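Below are the chains, spelled out letter by letter.
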Amino acid sequence: LSKLPIIEAVGDYVKENNSLFCTPGHKGGAGFMSSLSEGFVSDILKYDITEVEGLDNLQNPEGVIKTSQELLSKLYGSEESFFLVNGSTSGNFIMIFSSFNEGDKILIERNCHKSVYNAVIMRKLEPVFIKNTYSERYNAPLSIDRSHFSDILKNQKDIKGAVITYPNYYGVCCDLEGIISECREANVKVLVDSAHGAHFGINKGLPESAVRLGADMVVMSAHKTLPSLTQTAYLHVGKAADLEKIRFYYNSFMSTSPSYLFLCSLEYSRFYLETKGNEDYRRLLETAKRYRDRINGLEHVHVVGREDIDYEIDATRYILNVEKGYSGHLLLDYLRKRGAQAEMSDGSNVILILSPFNGEEDFERLLASLRECDFEELKADMQEAVSYGIPSLKMLPHEAIDAGKESISFLEAEGKVCGESIVPYPPGVPFLMPGEEINKKHIEIIQYFIDNGVKVLGINENKHIVIIRNGCAEVNRG
Ligand SMILES: Cc1ncc(COP(=O)(O)O)c(C=O)c1O
């Protein structure tokens, strides 16, 4: 048995020397290999320090961190911006805790990230879910259902805020501008999870940044698309923000020992965007289009574009859609065997994150792999990614967390109330939340995920699900 199992496993993976179409955005260090980051790269382990004399304190910045955060705020056009060393996950917590009070009713997307769900539970909020729209043709979620959103806003006058994902994991963008203007009229705050949109707005071929569109608060994972270390993210706040409250929650959710490696790389990403972003993204968009056209000349696979769906889309992301009857999960496995690491897959699609640090050779490898693919090997029964609707909420999520629980086979859970979040990973979007009723369709879909090798957090040993003991007689919201 290995004494260094993690180090050896990572070492083996690195030796595969894959073309990286996944996070982090620096693509195996390529994004740092320039004179812009010289000392940081050559002395990287020496840069792993935390607060020492002459540097600054992330929890109370007065020196170099303050200056660097001001430069960040200026680039994105925010009122104030913050470096995050615990990912967009921590940013979602800070946004939600600082914007709402216990018991508040807020609008969230069914397809939001699990950190949003967890923050809703911990802040003891009442979630009202917005339905998602789906593409039957591409068998994938598209965006939020705008008319459902408007109906809720019109009919429920006690909504305090909305948390919107822009873009989603597929790079598909909702009409954020319209949503913000509707929320302004209803006096509802708009918090945006833009984990996948840190590069937005840097070139006119990209969707506009959520900050420039006027959101109250925005979180971005620098590490997903920019040359920044994994775990690093930005938080931007607008004019109406309660800075005192934000600082309290920021300091609560942030480590008191942030590594300067993270802070240096967050600063570097901003500097990179400022000095090279516009031109590099122009080039990336051109390359992405060129190869997209070539891939779309092949059989059985299609890169979905703006003209295929009714939404704005980030063209630096490929949604590789396979024809009905073939499996996206099997295509992801095949590409990995051919040395191309994708970000994630669903039943019919493989998502690739492109960055300016993917070279022509990466695109050539991808194209050759797809051209030489024996699609017969990718045949599989297809599970429709159709909307399964919004489950019925039987207890508030935080009440469900505190209720008595038991574990049973998920196959026997029809009609029971879910006791733990059920989250297929990736993309990490909760599919059932504590307090929601489990129905037959949910059981079929869980079985499908397991059969297709998708990890389902909350289903233990691929068998057991936690439910609320004795139903939920006391607090039935049915
Ligand atoms: C939409 C969305 N929000 C938030 C997160 C969390 O981001 P981080 O990994 O930076 O904590 C993710 C991660 O996949 C995500 O996809």
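Preceding this paragraph is the structure being described.
Quick notes on the rules
- Residues numbered from 1 in each chain as written.
- Predicted model: local features only at pLDDT ≥ 70, side-chain atom pairs only at ≥ 80, totals over all residues.
- Heavy atoms only, no water.
- Pairing = 2+ DSSP bridges.
- Helix = DSSP H or I, 4+ residues; strand = E, 2+ residues; numbered from the N terminus.
- Axes fitted to C-alpha atoms, helices over the stretch in contact; angles between N-to-C directions.
- Contact = heavy atoms within 4.5 Å.
- Left-handed = near helix turned anticlockwise from the far one by under 90°.
- Nonpolar A, V, L, I, M, F, W, Y, C, P; charged D, E, K, R; others polar.
- Phe/Tyr/Trp six-rings, centres within 6.5 Å; stacked < 30°, edge-to-face > 60°.
- Buried < 20%, exposed > 50% of the residue type's maximum accessible area, 1.4 Å probe, protein only.
- Lys NZ or Arg CZ within 6 Å of the ring centre and 35° of its normal.
- Near = heavy atom within 4 Å.
- Polar contact = N/O pair within 3.5 Å; in protein donor to acceptor, adjacent residues only side chain to side chain.

**Student:** Would you mind showing me how to read the sheet that holds strand 7 (residues 159-165) here?
**Tutor:** Two pairing modes exist for strands in a sheet, parallel and antiparallel, and in both the strands are linked by backbone hydrogen bonds. Ordered in space as 2-11-10-9-7-3-4, the 7 strands form an open sheet in which the pairing is mixed. Of all the strands in the sheet, just strand 2 (80-84) and strand 4 (126-130) have a single pairing partner and so form its edges. The mean angle between the axes of side-by-side strands here comes to 20°, regardless of whether they run parallel or antiparallel. Of the strand pairs in this sheet, strand 3 (residues 105-109) and strand 7 are connected by 4 bridges, and their pairing is parallel. Its bridge partner lying in strand 7, I108 is registered against V163. Here helix 3 (residues 64-76) sits on the sheet and contacts strand 2, strand 10 (217-220) and strand 11 (233-237); the angle it forms with strand 2, its principal contact strand, is near 120°.

**Student:** It is not clear to me how the packing of helix 3 against helix 10 (residues 260-295) should be interpreted in this structure. Could you clarify?
**Tutor:** Look at helix 3 against helix 10: their axes get within 10 Å of each other, and the N-to-C directions meet at 35°. Helix 3 and helix 10 meet at a crossing whose hand is left-handed. Facing I65, S68, L71, L72, L75 and Y76 of helix 3, the residues of helix 10 in contact are Y260, L263, E267, R270, L273 and E274. Of the residues in the contact of helix 3 with helix 10, the class split is 8 nonpolar, 1 polar and 3 charged.

**Student:** It is not clear to me how the packing of aromatic side chains should be interpreted in this structure. Could you clarify?
**Tutor:** The geometry of an aromatic ring pair is captured by two quantities: the separation of the ring centres and the angle between the planes. For the structure shown, the criterion picks out 21 aromatic pairs. With 5.4 Å between their ring centres and 50° between their planes, F97 and Y249 make a pair best called tilted. Remark: Y249 occurs in helix 9 (residues 243-253) and F97 occurs in helix 4 (residues 87-99); sequence separation between them is 152 residues. Among the residues examined, F97 registers a relative accessible area of 9% and is labelled buried. Of the residues examined, Y249 reaches a relative accessible area of 13% and is grouped as buried. Among the aromatic residues, ring-to-ring pairing joins F93, F97, F248, Y249 and F253 into one connected group. When the ring centre of F129 is taken as reference, the NZ or CZ atom of R110 above it lies at 4.5 Å.

**Student:** Would you take a moment to explain the sheet that holds strand 12 (residues 301-303) for this structure?
**Tutor:** Spatially, the 4 strands line up as an open sheet ordered 12-14-17-16, and their pairing is antiparallel. Every interior strand has two partners, whereas the edge strands, strand 12 and strand 16 (344-345), have only one. Across 3 bridges, the pairing between strand 12 and strand 14 (residues 317-322) is antiparallel. The partner of V303 across the bridge, within strand 14, is L320. Running over the sheet, helix 11 (residues 328-337) touches strand 14, strand 16 and strand 17 (349-353) and is turned about 45° from strand 17.

**Student:** Where do I start with the site of the ligand in this structure?
**Tutor:** Around the ligand, the surrounding shell holds 13 residues, and the nearest of these are S88, T89, D193, H196 and S221. In the environment of the ligand, an oxygen atom lies 2.6 Å from a nitrogen or oxygen atom belonging to the side chain of T89. Between an oxygen atom of the ligand and a side-chain N or O atom of H223, the distance comes to 2.8 Å. Ranked by residues supplied to the shell around the ligand, first place goes to helix 4 with 4 residues. Split into classes, the residues belonging to the shell around the ligand amount to 2 nonpolar, 9 polar and 2 charged.

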